[in-house]
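Residue-level listing of the chains:
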Amino acid sequence: MKVALVYAEYQNMTEEISKVNPSADITMKNMLMSITEALESNNHEVFPIAANIDMMRNIMEIEDLDVIFIHYDPLENLKLQGNVFASIELLGIPFVGSGMLAQAISLSKKTSSMILQSQGLPVVKSQALYTRNEEINKELLKSFPLFVKPEAEAVSVGINRDSYVEDEKSLKNTLNRIFDEVNPPIIVEEFLPGREFTVGILDNMGDIRALEITEMTFKEENKANFRTKDAVKNKWTIRTTPANIDKNLEKEIKDLAIKSFNALNCETYARVDIRLNKEGHPYIMEVNTMPGLSKGLSPYVLEAEASGMSYDKLMDILVKSTYDKGVAMKKLGRGKF
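Residues numbered from 1 in each chain as written. Predicted model: local features only at pLDDT ≥ 70, side-chain atom pairs only at ≥ 80, totals over all residues. Heavy atoms only, no water.

Caption draft 1: A look at the sheet that holds strand E5 (residues 126-129). With respect to topology, 4 strands assemble into an open sheet ordered E5-E8-E6-E7, the strand pairing being antiparallel. Looking along the sheet, the strands with just one partner apiece sit at the ends: E5 and strand E7 (164-165). Relative to E7, strand E6 (residues 146-150) runs antiparallel, the two being bridged by 2 bridges. Across the sheet, phenylalanine 147 pairs through a bridge with tyrosine 164, a residue of E7. Where helix H6 (residues 109-118) meets the sheet, its contacts fall on E5, E6 and strand E8 (186-190), and the angle it forms with E5 comes to roughly 150°. The sheet strands contacting helix H8 (residues 168-181) are E5, E6, E7 and E8, and the helix crosses E6 at an angle near 10°. (Pairing = 2+ DSSP bridges. Helix = DSSP H or I, 4+ residues; strand = E, 2+ residues; numbered from the N terminus. Contact = heavy atoms within 4.5 Å. Axes fitted to C-alpha atoms, helices over the stretch in contact; angles between N-to-C directions.)

What follows is the structure, given as C-alpha cells:
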C-alpha cells in the first residue's frame with residue numbers, strides 16, 4: 001500500500017523550544033525513521049509529508065494513496081496536533097488514529113476528565129485555571145497535597161518537582177512558574193501517591209484489546225515519584241513491562257483503559273495513564289490518542305512487544321486495520337469539502 005507519513009518538522013528547533021521540550025527534535029527524527037523502515041519492511045511504499053502549509057497539497061499529489069499515517073507531535077504547541085488531524089480528516093482518506101473530535105478532547109485534560117466522570121469512571125478532583133489570579137475551589141484546597149500541571153502538554157512539559165504542593169504558598173509559587181513557562185489553562189488536581197501505570201489499547205477492526213501493562217517508577221536522582229521534565233531529559237524513568245501486579249488489579253486497570261478508550265470515541269490505538277490512590281484504587285489520569293512509537297523505547301511499543309507483536313508487525317497492523325476500516329465505511333469524495 002501507499003502510505004503518507006505525516007510528521008512534525010524537527011529541523012532548526014529554537015532554543016526556547018529546546019528548554020521546554022528537550023530532545024523533541026531527535027525523538028521525532030528517530031521515530032520517523034523507525035516507522036518508515038517498519039512499513040517498508042512490510043512492502044508498503046512510504047511518502048514522508050511534513051506538517052506545514054503545503055501538507056494538504058503534497059498529500060493529494062500522491063496518486064492512488066491508500067492510508068495516511070499521522071505521527072505529528074508538535075514541538076512548539078501540542079494543541080496544534082488537533083488542527084492537523086482536523087485538516088486531514090477533510091481529505092476523505094483513511095488515516096491511522098482517532099478522529100479530530102477525540103484528538104481535541106484528549107488534548108484537554110479537563111474536558112476528557114469531565115467526560116470520563118460522566119461515564120462513571122474514576123478521576124480525581126481538579127480545576128482548570130486561565131489566569132494566575134483565579135481563586136482555587138475551597139473543596140480542592142481541603143485536599144492537599146495537590147498537583148499542578150499544564151492542561152494540554154506532553155512529555156512532562158512544565159512539570160518539575162515543585163508540581164507537588166503541600167500548602168497554599170507553594171501552590172501559588174508553582175502556578176506562577178508554570179504560567180511563565182506555558183500557555184494556560186493550568187490544571188490543579190488531587191495528588192495520587194500510589195503506583196503509576198500506563199497501558200496501550202489496540203483496535204484491530206473492532207477487536208479492541210488492552211496490551212500488557214507498564215509500571216512507571218523513577219530513579220533516585222528524580223527526587224520525586226512522578227515524571228518530571230528532568231526525568232524525561234535525563235532518562236530517570238524506569239519502565240517495567242509487564243507490570244508486576246496481581247491478576248485482579250491487572251484486570252481492573254485493563255477494563256478501565258478500554259472503557260476510557262470507548263468513552264472518548266478513540267480509534268485504532270491509544271494509551272491510558274493510570275495511578276493508584278493511597279488505598280490502592282486506580283484512577284484515570286490521561287488518555288493519549290497519539291502515544292509515542294519510538295522503537296524499543298515508547299511504552300506503547302514495549303507493551304505491544306510483550307503482547308507478542310514485533311515493532312514491524314505493530315506498524316503493519318495499524319496501517320492495514322485503518323485501510324480495511326476505511327474501505328468498509330462510507331467516505332466523502334477525496335479532497336472534496
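We are not done yet, so read on.
Caption draft 2: The arrangement of the packing of helix H5 (residues 100-107) against H6 in detail. In contact at an axis separation of 5 Å, H5 and H6 are set at 105° when each is read in the N-to-C sense. Classified by the angle between their axes, H5 and H6 sit roughly perpendicular to one another. Residues Ile105, Ser106 and Leu107 of H5 touch H6, and the partners they reach there are Lys109, Thr111, Ser112 and Ile115. Along the lines of polarity and charge, the residues of the contact of H5 with H6 split into 3 nonpolar, 3 polar and 1 charged. (Parallel < 35°, antiparallel > 145°, perpendicular 65-115°, else oblique. Nonpolar A, V, L, I, M, F, W, Y, C, P; charged D, E, K, R; others polar.)

Caption draft 3: Structural detail: the environment of leucine 211. With respect to the helices, strands and loops of the structure, leucine 211 is situated in strand E10 (residues 207-218). Overall, the relative accessible area of 0% leaves leucine 211 in the buried class. C-alpha separation for the pair leucine 211 and lysine 254, spaced 43 residues apart in sequence, amounts to 8.1 Å. Look past the residues within four positions of leucine 211 in its chain and what remains in contact with it is Val199, Gly200, Leu202, Lys254, Tyr300, Glu303, Ala304, Ser307 and Met309. (Buried < 20%, exposed > 50% of the residue type's maximum accessible area, 1.4 Å probe, protein only.)

Caption draft 4: Here's a closer look at H5. Every buried residue belonging to H5 is among Ala102, Gln103, Ile105, Ser106 and Leu107, and all of these are buried. Close packing links the buried residues of H5 with helix H4 (80-89), H6 and strand E13 (282-288).

Caption draft 5: Representation of unusual backbone geometry in the model. The omega torsion across proline 184 and proline 185 is 5°, close enough to zero to call that bond cis. With an omega dihedral of -5°, the bond running from threonine 241 to proline 242 counts as a cis peptide bond. Tracing the sequence through the fold places proline 242 in the loop between strand E11 (237-240) and helix H10 (247-263). Unlike most non-glycine residues, asparagine 265 shows phi in positive territory, near 60°. Among the structural elements, asparagine 265 can be located in the loop between H10 and strand E12 (269-276).

Caption draft 6: Structural context of the side chain of serine 298. Turning to its location among the elements, serine 298 is positioned in the loop between E13 and helix H11 (299-306). In terms of polar contacts, serine 298 uses its side chain to reach the backbone amide nitrogen of leucine 293, at 3.4 Å. Sequence-distant contacts of serine 298, that is, excluding residues within four places in its chain, are made with Gly292 and Leu293. (Polar contact = N/O pair within 3.5 Å; in protein donor to acceptor, adjacent residues only side chain to side chain.)

Caption draft 7: Structural view of H11. Residues of H11 that are buried: Pro299, Tyr300, Val301, Glu303 and Ala304. Just downstream of H11 lies glycine 308, where phi reads positive at about 100°.

Caption draft 8: Representation of the pattern of salt bridges. The final tally for this structure, using the stated rule, is 15 salt bridges. Lysine 149 is paired through a salt bridge with glutamate 189; the nearest N and O atoms lie 3.1 Å apart. Taken as a pair, lysine 149 in strand E6 and glutamate 189 in strand E8 lie far apart in primary sequence, 40 residues in all. On the accessibility criterion, lysine 149 (8% relative accessible area) is buried. For glutamate 189, a relative accessible area of 7% translates into the label buried. Among the salt bridges present, the one from glutamate 215 reaches arginine 195, with a minimum N-O distance of 2.8 Å. In this pair, glutamate 215 is assigned in strand E10 and arginine 195 in the loop between E8 and strand E9 (196-204), connecting sequence segments 20 residues apart. For arginine 195, a relative accessible area of 36% translates into the label partly exposed. (Salt bridge = Lys/Arg side-chain N within 4 Å of Asp/Glu carboxyl O.)

Nothing here speaks to function; it is all geometry.
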